[in-house]
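Overview (structure and organization)
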Amino acid sequence: MSDCLFCKIAAHEIPATVVYEDDDVIAFEDVNPQLPVHTLIIPKAHYDHIGDDVPAEVLGKVFGAVGIVAKLKGVEDTGYRVITNTGEDGRQTVHHLHVHVLGGALMPIRMGPAD
Ligand code: AMP
Ligand code: ZN
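Residues numbered from 1 in each chain as written. Chains lettered and ligands numbered in written order. Predicted model: local features only at pLDDT ≥ 70, side-chain atom pairs only at ≥ 80, totals over all residues. Heavy atoms only, no water.

**Some details on helix H2 (residues 56–72)**
- The terminal C-alpha atoms of H2 lie 25 Å apart, and with 17 residues this matches the ideal 24 Å at 1.5 Å per residue to within 8%.
- Turning to H2, its buried residues number three or more, namely Val-58, Val-62, Ala-65, Val-66, Val-69 and Ala-70. (Helix = DSSP H or I, 4+ residues; strand = E, 2+ residues; numbered from the N terminus. Expected span 1.5 Å × (residues − 1). Buried < 20%, exposed > 50% of the residue type's maximum accessible area, 1.4 Å probe, protein only.)

Given below as C-alpha cells:
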C-alpha cells in the first residue's frame, strides 16, 4: 500500500530503529514508547489488522518473532505484554497489522471493569 506508514518502514523508505528483520517481518522501536521496552513487529506484507484474513503462516511469522524480540530486548525472563490493537474500539491508529511488545517495567493497570 503506497500510502501506508508501516509499509514504508518495511521498505526502508522512512527511518526506524530496527530491532530485528527477516524476509517476512520487521521489528522496530515505537516512536512513542509506553514502557522502557516498546517494540513493534509487523509483517512486511500489508494487512489492515489481525482480522484482515491474515494467512496463518503470516501470523506465525509475526508471533514467532515475539520471542526473538523479547530476547534481543532483554525481557525474556522478566516478562512482557503482547498487544495488537484492532479498529476504533481497539484504538488502532496505524492500519497495518502490528504487534506491540511491551516490558522492562511492571505493566500499569489502567482498565477497570466494563459497565
Ligand atoms: P496502534 O495505536 O496500536 O495503532 O499503534 C500504533 C503505534 O505506532 C503507536 O504506539 C505509535 O507510537 C507508533 N508509531 C507511529 N508512527 C511511528 C513511526 N514512524 N515509527 C515508529 N512507531 C510509530
Ligand atoms: Zn501497510
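**Here we look at the site of ligand 1**
- In the vicinity of ligand 1 there are 16 residues, among which Asp-30, Asn-85, Thr-93, His-98 and His-100 approach most closely.
- At 3.1 Å from an oxygen atom of ligand 1 is found a main-chain nitrogen or oxygen belonging to Arg-91.
- In this structure, Val-94 approaches ligand 1 through a main-chain N or O atom, which is 2.9 Å from an oxygen atom.
- If ligand 1 stood free it would expose 500 Å²; the protein chains cover 81% of that surface.
- Those elements giving two or more residues to the shell around ligand 1 turn out to be helix H1 (5–10) and strand S2 (25–29).
- A total of three residues in the shell around ligand 1 trace back to one element, the largest contributor, which is H1.
- Residues that form the shell around ligand 1 fall into these classes: seven nonpolar, six polar and three charged. (Near = heavy atom within 4 Å. Polar contact = N/O pair within 3.5 Å; in protein donor to acceptor, adjacent residues only side chain to side chain. Areas by Shrake-Rupley, 256 points an atom, 1.4 Å probe, with all protein chains shown as cover. Nonpolar A, V, L, I, M, F, W, Y, C, P; charged D, E, K, R; others polar.)

**Examining the sheet that holds strand S4 (residues 80–83)**
- The five strands are arranged S1-S2-S3-S5-S4 in an open sheet whose pairing can be described as antiparallel. A single partner strand is all that each edge strand has here, and the edge strands are strand S1 (18–21) and S4. The average undirected angle you get between the axes of adjacent strands in this sheet is 20°.
- In the packing of H2 onto the sheet, the strands contacted are S1, S2, strand S3 (37–43), S4 and strand S5 (99–103), and the crossing angle to S3 comes to about 155°. (Pairing = 2+ DSSP bridges. Axes fitted to C-alpha atoms, helices over the stretch in contact; angles between N-to-C directions. Contact = heavy atoms within 4.5 Å.)

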